[in-house]
Amino acid sequence: MKLAEALQERADLNIRIEQLRSRLCANATVQEGEKPAEDPAGLLAETETCLNRLEALMAQINLTNSRTVAEGKTLTEWIARRDALKLRIQTLRDTRDAASRLAQRATRSEIKILPTVDVPTIQKQLDEASAELRRTDNLIQQHNWLTEL
């Protein structure tokens, strides 16, 4: 199984577990004299099976990521880089947007609002970080489809 396939299975398991949790909650109580629409014990057993598979899969994925080296870094390091880039991009985007919102003055006596950062510089940093994120994500995806779990 390729790493990418394991990642897809992990995503599917997370969705399945959430659906089972919801169904469990919906069938956890009934009116006296009524029966639940689904057997809670069966739902719990299925949930436990999914959780055990998810745990094993996550361990395999993490071990594979920590052993797989691409361009001198492990996939774990590349994933950390990608996550940090996403946070950097969001921070730059929020800063750019906040600095770009200048209050309109109706008269000269109103308070003038000015940006405290250079918006073009922030935009350039945002563009560079976005390009690096795309390269990083492409490298991770490439190795996900080439690497055996």
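Residues numbered from 1 in each chain as written. Predicted model: local features only at pLDDT ≥ 70, side-chain atom pairs only at ≥ 80, totals over all residues. Heavy atoms only, no water.

**Q** Can you tell me about unusual backbone geometry, naming the residues and giving the values?
**A** Positive phi is not limited to glycine here, since E71 has a value of about 50°. You can see E71 is positioned in the loop between β1 (69–70) and β2 (73–74). (Helix = DSSP H or I, 4+ residues; strand = E, 2+ residues; numbered from the N terminus.)

**Q** Break down helix α2 (residues 40–67) for me, with residues and values.
**A** Taking 1.5 Å per residue, 28 residues should reach 40 Å; α2 reaches 40 Å between its end C-alpha atoms and fits that length. Among the residues making up α2, those that are buried are L43, T47, C50, L54, L57, I61, T64 and N65. Looking at the packing, one finds that the buried side of α2 touches α1 (3–26), β2 and α3 (75–100). (Expected span 1.5 Å × (residues − 1). Buried < 20%, exposed > 50% of the residue type's maximum accessible area, 1.4 Å probe, protein only. Contact = heavy atoms within 4.5 Å.)

**Q** Could you give me a rundown of the state of the cysteines, with the residues and numbers involved?
**A** In protein structure, a disulfide is the covalent linkage between the sulfur atoms of two cysteines. Per the stated rule, a full pass over the model turns up zero disulfides. In this structure C50 is not part of a disulfide, and its nearest cysteine sulfur, from C25, lies 15 Å away. Given a relative accessible area of 10%, C50 falls into the buried group. (Disulfide = S-S within 2.5 Å.)

**Q** Summarise the nonpolar core; cite the residues concerned and give the values.
**A** Core analysis: the largest hydrophobic core is formed by twelve residues, namely L3, A6, L13, I17, L20, L24, L43, C50, L54, L57, I61 and L75. Going through the elements one at a time, α1 and α2 are the ones with two or more residues in this core. Aside from chain neighbours lying at most four places away, what touches I61 is L3, A6, L7, R10 and L149. If you look at the next biggest cluster of nonpolar residues, it comprises seven residues, including L85, I89, A129 and L133. (Core = buried A, V, L, I, M, F, W, Y, C linked by side-chain atoms within 4.5 Å.)

**Q** Now, about the side chain of T74: what can you tell me, with residues and values included?
**A** By the element assignment, T74 lies in strand β2. Relative accessible area serves as the criterion here: at 17%, T74 is assigned to the buried category. What T74 contacts, discounting residues up to four positions off in sequence, is N65, S66, T68 and V69.

**Q** Can you tell me about a nonpolar patch on the surface, naming the residues and giving the values?
**A** On the surface, a cluster of nonpolar side chains totalling about 300 Å² of accessible area is made up of L102, I111 and I113. Checked against the element boundaries, I113 lands in the loop between α3 and α4 (119–146). (Patch = residues over 30% accessible without salt bridge, like charges linked within 9 Å, V, L, I, M, F, W, Y side chains within 5 Å. Areas by Shrake-Rupley, 256 points an atom, 1.4 Å probe, with all protein chains shown as cover. Salt bridge = Lys/Arg side-chain N within 4 Å of Asp/Glu carboxyl O.)

Just distances and angles here, no functional claims.
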